[in-house]
Amino acid sequence: MPKSNSIYAGVEDVELCSEEFAKKEDNKDKLTKLRGEFIIPTKSDLANKRYGFRQSKDASNSLHGAQEDDGEESIYLCGNSLGLQPRRTKEYVNRYLDTWASKGVFGHFTDYEGGLPPWLHIDEAIKEQTAKIVGALPSEVVVMETLTANLHLLMTSFYRPTKDRWKIIIEGKAFPSDHYAALSQIAHHNLDPSALITIEPPSSSAPYLSNEHILSVISHHAPTTALVLLPGIQFYSGQFFDIELITRHCRALGITVGWDLAHAVGNVPLKLHDWNVDFAAWCNYKYMNGGPGVIGGAFVHERHSKVEEAPSSETDGAVDGVYKHAKTTELQYRPRLSGWWGSDKSSRFAMTNKFVPIPGASGFQLSNPSALDMTSVMASLDVFSMTTMDALRQRSVRLTAYLEARLLRYAGSEPPYTIITPSNPAERGAQLSVLLKPGLLDNVLHHLEKKSVVVDERKPDVLRIAPAPLYNSFHDVHRFIVVFHEACRKAIAAPDEAPQLSDGVPEAIATT
Ligand SMILES: Cc1ncc(COP(=O)(O)O)c(C=O)c1O
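Before going into details, it helps to say that this report is about the structure given with it. Quantities reported herein were computed from a predicted structural model and do not represent experimental measurements.

A few points about the overall build of the chain
The number of helices and strands found in the chain is 15 helices and 17 strands. A total of 512 residues make up the chain; the buried ones form 56% of that total. Excluding contacts between residues fewer than 6 apart, the proportion of contacts in the chain whose partners are at least 24 apart in sequence is 70%. Approximately 22000 Å² of the chain is accessible, and the part contributed by carbon and sulfur atoms is 54%.

This is the structure in structure tokens:
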């Protein structure tokens, strides 16, 4: 495998592969300290069959109810699936629980000293920080629902097939939920499944989609296409799509474009407003560290979320895709599936049955959001606010380049794998996906598990390795490479050795 052109390409093997080098890289990076904001599971934590913690050597890592432990940290490179827990989350959630326990319904309305914002306003309290992470105006973002639900809600509003334009373009290797969502939207409009157009990669071992390829498929179908739905970062290959370029191309062709940012949010800087993205949705449990299945987020560009007075001469129904809701109000706004939480706050409790959407993304809300979820997301956002996405990205580019450089240096022979994530840092986020030679994956995973390495797998041959810039260190990457290369050698030396399930250490996960 060729050495990359990365910043580490010129460093001698002996130096680059030393533990000392990794420690020096950590020491010179100011953001390394953010790791202290997170709970890194220890090896014993992972192996422990009871739920809960043991106590690490590091006193700051000890937790309530902890038992003794030698404290060696696991090597957790799985933030692309589930981000680690910020230390402050427990405290925030406890504050929420205490407020609920001691104040009941008043927790909705009252701003208690030392407490969290009243639940009624908690969605607004986290808008500004969310907006910074995705590069939007605060009014353009909302924390609500979950990713697939938001994709549906947004497609209901933005996918308005006509007799001329009815197709949806997605990528062939889209995350299954996106595929199902797009296909079921098509079915919902009683259209034929052939309305779903997929952009296929050259092959599964070469999943890269070049801009030329993407743009040419879009151009080809443009006259009949209503919507393009793509991922900011592709979950399997780790490819970071050129959101600005593709959005510009779609908009020039009159096509609405939406983005699934599950793997991009909190990972790479985004400028959704400036890039003129029509809509986007994401989850808050990967690089955002909000907790498993926690409430997601959505972006609607301000040009789509205006609420205006309807000219009195207009009739009911859709006019240029904008709906005049004449029966209940003289307002016009984008059509949507509505719920009371999307309606104007001042009249929300008047129970008048008159839907007056909040201008901006908040007008797309349905239900009152889980305050527990919001609290957890708030804790995570408060960690993000200790830095900027640009600073995090600088660290991330170096961290991933270091992982790449170490993967490329496999002592003594050609490595038994290739990296399928683009080598251009501008075309990837934190994650590198590694395609192992056929037949190695199970054995390699077995060895990784035994050493408490947490990465995830995509059968039949891919490992996804994601150093999350908020909490992973160069030292984590060094420790991973030592174990991973040893695992590869063992798997090659004893290919038929049936992997035994490890002693309580969870199997490497194949989740999201
Ligand atoms: C790219 C992508 N899209 C959609 C989903 C589905 O997310 P959810 O289960 O939150 O709807 C995931 C889940 O990880 C994902 O990675």
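Digging into the nonpolar core
If you look at the biggest cluster of nonpolar residues, it comprises 100 residues, and the most contacted ones within it are Trp259 and Leu272. Counting residues per element, this core draws most heavily on helix 12 (residues 371-384), at 8 residues. Both domain 1 (13-37 + 388-493) and domain 2 (147-202 + 210-282) contribute no fewer than three residues apiece to this core. Aside from chain neighbours lying at most four places away, what touches Trp259 is Leu229, Leu230, Pro231, Gly232, Phe241, Ile243, Ile246, Thr247, Val277, Phe279, Ala280 and Ala281. Grouped together as the second largest cluster of nonpolar side chains are 38 residues, Ile419, Val455, Ile481 and Ala491 included.

Things to note about the packing of helix 2 (residues 19-27) against helix 15 (residues 474-493)
Each pair of packed helices can be summarised by the angle the axes make with each other and by the distance between the axes. Two elements in contact, helix 2 and helix 15, have axes separated by 7 Å at closest approach and are oriented at 155°. Comparing their axes, helix 15 and helix 2 come out roughly antiparallel. In the crossing of helix 2 with helix 15, the sense of the turn from one axis to the other is right-handed. Contact residues: helix 2 offers Glu19, Ala22, Lys23, Glu25 and Asp26, while helix 15 offers Phe474, His475 and His478. Across the contact of helix 2 with helix 15, the residue classes tally to 2 nonpolar, 2 polar and 4 charged.

Brief notes about the sheet that holds strand 2 (residues 141-143)
Hydrogen bonds along the backbone pair up the strands of a sheet, which may run parallel or antiparallel. Taken together, 7 strands build an open sheet; the order of strands is 2-8-7-6-5-3-4 and the sheet is mixed. Each edge of the sheet is formed by a strand with only one pairing partner; in this case those strands are strand 2 and strand 4 (196-199). Pairwise comparison of adjacent strand axes, ignoring direction, gives a mean angle of 20° for this sheet. Note that strand 2 and strand 8 (residues 297-300) share 3 bridges and pair antiparallel. If you follow Val142 over to strand 8, its bridge partner there is Ala298.

Things to note about the sheet that holds strand 17 (residues 462-465)
The strand order across the open sheet built from 4 strands is 13-14-17-16, with neighbouring strands paired in antiparallel fashion. Only two strands of the sheet have a single partner each, and these edge strands are strand 13 (417-419) and strand 16 (456-458). Averaged over all neighbouring strand pairs, the angle between strand axes comes to 30°, with direction disregarded. When strand 13 meets strand 14 (residues 432-436), the two strands line up antiparallel, connected through 3 bridges. Bridge pairing in strand 14 places Thr418 opposite Leu435. Running over the sheet, helix 13 (residues 389-408) touches strand 13, strand 14 and strand 17 and is turned about 20° from strand 14.

Cut-offs used in this document
- Residues numbered from 1 in each chain as written.
- Predicted model: local features only at pLDDT ≥ 70, side-chain atom pairs only at ≥ 80, totals over all residues.
- Heavy atoms only, no water.
- Helix = DSSP H or I, 4+ residues; strand = E, 2+ residues; numbered from the N terminus.
- Buried < 20%, exposed > 50% of the residue type's maximum accessible area, 1.4 Å probe, protein only.
- Contact = heavy atoms within 4.5 Å.
- Areas by Shrake-Rupley, 256 points an atom, 1.4 Å probe, with all protein chains shown as cover.
- Core = buried A, V, L, I, M, F, W, Y, C linked by side-chain atoms within 4.5 Å.
- Domains from an automatic or database assignment.
- Axes fitted to C-alpha atoms, helices over the stretch in contact; angles between N-to-C directions.
- Parallel < 35°, antiparallel > 145°, perpendicular 65-115°, else oblique.
- Left-handed = near helix turned anticlockwise from the far one by under 90°.
- Nonpolar A, V, L, I, M, F, W, Y, C, P; charged D, E, K, R; others polar.
- Pairing = 2+ DSSP bridges.

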